[in-house]
Each structure stands twice: as structure tokens, then as C-alpha cells.
Amino acid sequence: MTTYEHRLPNGMLVLLRESHAAPVATCWVWYRVGSRNEVPGTTGISHWVEHMLFKGTPTIAKGEMDRLIARNGGTFNGFTSYDYTAYYETLPSDKIELGLQIESDRMMNSLFDPEEVESERTVIISEREGHENDPEWWLGSAMMTSAYQYHPYRNEIIGWKSDLLAMTRDELYQHYQSYYMPNNAVLVVVGDFDHAEMLAKIERYFAHLPAGPALPAVRAVEPEQQGERRVVIRRPGAAQYVQVAYHAVDCRHADFAPLIVLDAVLSGAKGLGFGGGAQTNRSARIYRALVETQIASYAGSGFRPSFDPGLFELDATVQEPNTCEDVERALVAEVERVRAEGVSPAEVAKAIKQTRAQIAYSSESVTQQALQLGMWELLDSYKRLDTILDEVAAVTPEDVQRVAQTYLHENNRTVGYFIPTEDEAGEAEDEA
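Presented here is an overview of the structure given in this document. (Residues numbered from 1 in each chain as written. Predicted model: local features only at pLDDT ≥ 70, side-chain atom pairs only at ≥ 80, totals over all residues. Heavy atoms only, no water.)

**Things to note about the overall build of the protein**
Argument step 1. Helices and strands together make up the secondary structure of the protein, namely 15 helices and twelve strands.
Argument step 2. Here the protein has a C-alpha radius of gyration of 23 Å; the compact-globule value for 432 residues is 22 Å, and the two agree.
Argument step 3. By the burial criterion, 57% of the 432 residues in the protein qualify as buried.
Argument step 4. Of the contacts made within the protein by residues no fewer than 6 positions apart, 81% connect residues no fewer than 24 positions apart. (Helix = DSSP H or I, 4+ residues; strand = E, 2+ residues; numbered from the N terminus. Rg over C-alpha atoms; globule rule 2.2 N^0.38 Å. Buried < 20%, exposed > 50% of the residue type's maximum accessible area, 1.4 Å probe, protein only. Contact = heavy atoms within 4.5 Å.)

**Here we look at the packing of helix α3 (residues 97-109) against helix α8 (residues 195-206)**
Argument step 1. Interhelical geometry of α3 versus α8 gives an angle of 25° and a closest axis separation of 9 Å. Comparing the axis directions of α3 and α8 gives the class roughly parallel. As α3 packs across α8, the resulting crossing turns out to be right-handed. For the pair formed by α3 and α8, the contact residues are E97, L100, Q101, E103, S104 and M107 on the first element and M198, K201, I202, R204, Y205 and F206 on the second.
Argument step 2. Taken together, the residues that form the contact of α3 with α8 break down as six nonpolar, two polar and four charged. (Axes fitted to C-alpha atoms, helices over the stretch in contact; angles between N-to-C directions. Parallel < 35°, antiparallel > 145°, perpendicular 65-115°, else oblique. Left-handed = near helix turned anticlockwise from the far one by under 90°. Nonpolar A, V, L, I, M, F, W, Y, C, P; charged D, E, K, R; others polar.)

**Some remarks on the packing of aromatic side chains**
Argument step 1. Tallying each qualifying case throughout the model produces 21 aromatic pairs.
Argument step 2. Taking 5.6 Å as the distance between ring centres and 85° as the angle between the ring planes, the aromatic pair formed by Y148 and Y153 counts as edge-to-face.
Argument step 3. On the basis of relative accessible area, Y148 is assigned to the buried category, the value being 2%.
Argument step 4. Centroid distance Y176 to Y180: 6.3 Å. Interplanar angle 40°. Geometry classified as tilted.
Argument step 5. Given the relative accessible area of 1%, Y176 is considered buried. (Phe/Tyr/Trp six-rings, centres within 6.5 Å; stacked < 30°, edge-to-face > 60°.)

**Quick notes on unusual backbone geometry**
Argument step 1. Here the residue pair E320 and P321 is connected by a cis peptide bond, since its omega of 10° sits within 30 degrees of zero.
Argument step 2. Positive phi, close to 50°, is recorded for F112, a residue that is not glycine.
Argument step 3. Mapping F112 onto the fold places it in the loop between α3 and α4 (114-131).

**Thoughts on the sheet that holds strand β5 (residues 85-92)**
Argument step 1. The strand order across the open sheet built from six strands is β1-β2-β6-β3-β5-β4, with neighbouring strands paired in mixed fashion. Single-partner strands in this sheet number two, and they are β1 (4-7) and β4 (75-80). Pairwise comparison of adjacent strand axes, ignoring direction, gives a mean angle of 15° for this sheet.
Argument step 2. The pairing of strand β3 (residues 24-31) with strand β6 (residues 185-191) spans seven bridges and is classified as antiparallel. Pairing of A25 across the sheet is with G191, part of β6. (Pairing = 2+ DSSP bridges.)

**Focus: empty space enclosed by the protein**
Vacant regions in the atomic arrangement are exposed by a probe of water-molecule size rolled over the atoms.
Argument step 1. Applying the stated criterion across every chain, the model contains one cavity of 30 Å³ or more.
Argument step 2. There is about 50 Å³ of room inside the largest cavity.
Argument step 3. Around the largest cavity, the lining residues are I260, D263, A264, G268, A269, K270, G271, L272, F303, R304 and T355.
Argument step 4. Taken together, the residues of the lining of the largest cavity break down into five nonpolar, three polar and three charged. (1 Å grid on protein atoms, 1.4 Å probe; cavity = no way out; pocket = protein on both sides within 12 Å on 5 of 7 lines; lining within 4 Å. Points joined across faces, edges and corners; volume = space filled by probe spheres on them.)

**Some thoughts on helix α15 (residues 397-407)**
Argument step 1. Along α15, the positions that sit buried rather than exposed are P397, D399, V400, V403, A404 and Y407. Taken down its axis, α15 places every buried residue within 165° of arc, on the same side.
Argument step 2. Check the buried side of α15 and you find it contacts β8 (241-247), α9 (256-267), α11 (324-341) and α12 (345-361). (Arc of directions from axis to C-beta.)

**Some points on the nonpolar core**
Argument step 1. Within the largest apolar cluster, 73 residues are counted, with the highest numbers of intra-cluster contacts made by W30 and L262.
Argument step 2. With nine residues, the single largest contributor to this core is α9.
Argument step 3. Core analysis: the second largest hydrophobic core is formed by 48 residues, I96, V189, F193 and I202 among them. (Core = buried A, V, L, I, M, F, W, Y, C linked by side-chain atoms within 4.5 Å.)

**What about helix α1 (residues 45-52)?**
Argument step 1. For α1, the buried fraction is high: eight of the eight residues fall into the buried class.
Argument step 2. By the burial criterion, the buried members of α1 are I45, S46, H47, W48, V49, E50, H51 and M52.

**Points about the side chain of S19**
Argument step 1. Residue position: S19 is located in the loop between β2 (13-18) and β3.
Argument step 2. For S19, the contacting residues outside a window of four places in its chain are V190, G191, D192, V366 and Q369.

**Description of the pairing of β5**
Argument step 1. In terms of burial, β5 is a largely internal element, seven of the eight residues being buried.
Argument step 2. Across eight bridges, β3 lies against β5 in antiparallel orientation. Residue pairing for β5: W28 is matched across the bridge by Y88.
Argument step 3. Hairpin geometry of β4 and β5 is characterised by an intervening segment of four residues between the two adjacent antiparallel strands.

**Some details on the packing of α11 against α15**
Think of two packed helices as two axes; the pair is described by the angle between the axes and how far apart they sit.
Argument step 1. In the contact formed by α11 and α15, the axes pass within 8 Å of each other and the chain directions differ by 120°. Accordingly, the angle class assigned to the pair α11 and α15 is oblique. The chirality of how α11 crosses α15 is left-handed. Across the interface between the two elements, V338, R339, A340 and E341 from α11 touch V400, Q401, A404 and Q405 from α15.
Argument step 2. Here the residues of the contact of α11 with α15 sort into four nonpolar, two polar and two charged.

Written out as C-alpha cells, the structure reads:
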């Protein structure tokens, strides 16, 4: 399918893709800002600003966006990640101009009313406290702060509680006026429309908006890990959990596709966006080695596209009477098998077939297509959506063994245990 690319005078990139299978369309605005762009003292600021853009403008009052979208038969939402923030509306195609109107308006005119800022402080701290009821959230957070000792990927997207308590309305508004501007945005519209007519509407809503200031580059580079790190979380919980993480590569690296196939060999193929696709892990190595043998009640792996080098992760829920040590040995044994013995051509062919299917499944709807176009443009180029299937198809068994040997070794590894306690006072033990 053809993707039409256009750059507005204020620097905003516009990507349009026609899809006439159904009378629907979706409008996404992506901003090049996430927790990667944050510093200690204001962690969580991007996620908080994301919330504030739902709190109204002088022309669209708080709560009116929900009513407008619902009245016109659509859905909308937003989210913040490590590398980006995005908002979207999916509507009947003859109503999609409403999405353009909302996004243009809140890009410039969001109110940041002081009372709403304080109200949202309570909401976000409550959201964080909800995460704190999840043992795997505690362990995942400890793993990130241990694996990343310098790069901002170490910080939770929602932010540290001390920063959420201290952050001011002025800091939030300054962040909004710096990063949520046309020159830092990509507008993606996919659906049942004529691209020339849609571009004329987009120019009417966005071309007159002023560009924002030049933005500081993220210079942080995580130093090479010099030995295994270990962390133990002891808190109330119902089960023991194990996570193992290895530093890997960013999505523009030549080893990205082989690592995606390695992940599929270990625990089944996944889509590369958010959700989509079916579970295919029951015939994969980790499921057969840990779940079928009842060492773990759940076990898997994961590797996702990221702007800076990300982590290749393994995780499992311990099945009693086994221990965290038993599960760690079993997970690492599967990694060592690939490093020592490699993988068969049939296994790689199956992983490639499943991965290509999952990527295709995760791009079926207009909403998912816009998500994939926007995500890839912010991480590399939207054109990767059209080439990633070929990159995966070109991976060989030798590539899979080579990336396992290169990245999945002891000195590059962080291991974490979650061990349940009876009391309410949890603690973390960093053994690095």
C-alpha cells in the first residue's frame, strides 16, 4: 500500500495511507517524547502531560472530547512510552475531521488549570500505587534500575513517587510547550478517504500552528556491562517470579531481526506493536522446558523495538515446590543450548513463518496500521513497516546462534528474583 508523505512548513510530518476496506479512518498524533527524555527530579512528566491533554481547551471543555467522540461513533485514547507519546481517534470516515480538530486544538491550547494539575497528581500517584500491588511490577522496576545504571530507560514511565509529589504546574507546562509542538510531531491518518482531500483538511488545521523551540538531544549512552548483576525483591505476594535480562540492540541495528527470530524460537512469535496476534508459544523451547515439566507455571521471553539499545528478557512464574534458583537454571540452560548447539533450519523457518504472520495480524485494522506507521517513524522510518517482513525472512540459523553468543552471555546479564514475604514491609536487595 502507498504511504503519502508530506512535511508542513512548521516541520510537522504528515503520513497518509488510504484503506477502503471499511468506511472508517483513524487519526494519530505522535510526539518524539517519552520517559527517555526525562531527567531525575521530573521523571513521569511526559506521562503526566499526556493526562493533561485530556483536560480541556478554551473551545473544548473538560469531558467534552469524550462526548464528541462517543456521539460520533468513535473511540480515542493516548499513551506514553519510553520513546514516544501518542494520541488517536478512530471514527467513521466521514467524521474523521473531528479527530483533526481535537488534535490541532490540544496541541496548542491545553489549559493546564492549576486545580486540574493537583487533581491529576492524585490520580497518577494512585495509578502508581495500583502498580505497587503487582509483584512483577516491583521486580520489573528493580531489573530496569539494575540493568540501566545511567540511561533514562532505568526510570519508570509513570515516574518516581518523590518526583510526582514535587513536580509543579509550571514544569509540566514548560514540558508541554517544548515537546508537544508541530516540529516534534508526526500526524498519521489511515482509512477510507482521498489522500489529496485529506491533506487539504490537515493543512487547514495544522499548517498555521507555530513551530516550537529546538529540543535538547538525549546524549545518555549506557556503559557496557562488566559482569552479572542480581537483584532480589522481598514483598508480600502470592508467587515467586524470576526475570533475566541481557543488553541487546536498538531497532535500527542489523542484529534486530535475528534477535526477533531468537525470541520466537525461545517462546513463540509476537507482533512488534501493542497487542495483536495469537499466542504461539506452546511448541517453543521455553514452554516445553519449563511449563510442560512443571518447573514454572508460566515462562516466556520478549524483545521489542526501541530507539536506544533495549533488553532481551526472559521471565517465569515459579511453580512450587521448585525455587527461583531452579527456574533460573532452566531458563539459562535454554539460552546456553542455543549458544552451544545453535538452532535447526526447520525451527528457524517455523519461527520466521510465525513472526511474519504475527506482524501481519498486528497490522490488520486501520488503527493498527497507523500505530505501526507512527511507531516505526519515531524509532527509525515508517518505511520499515514495508521492509521488516523481508528482514525477518532473511535470518539464518547461523544468525540466530551468533546473536545468542554475542548478547546472551553472563557478563551482559541481570537476574532478578521476587520472593514473597508475610509482612507488609517489602525491600530490595541489590547484589551487584
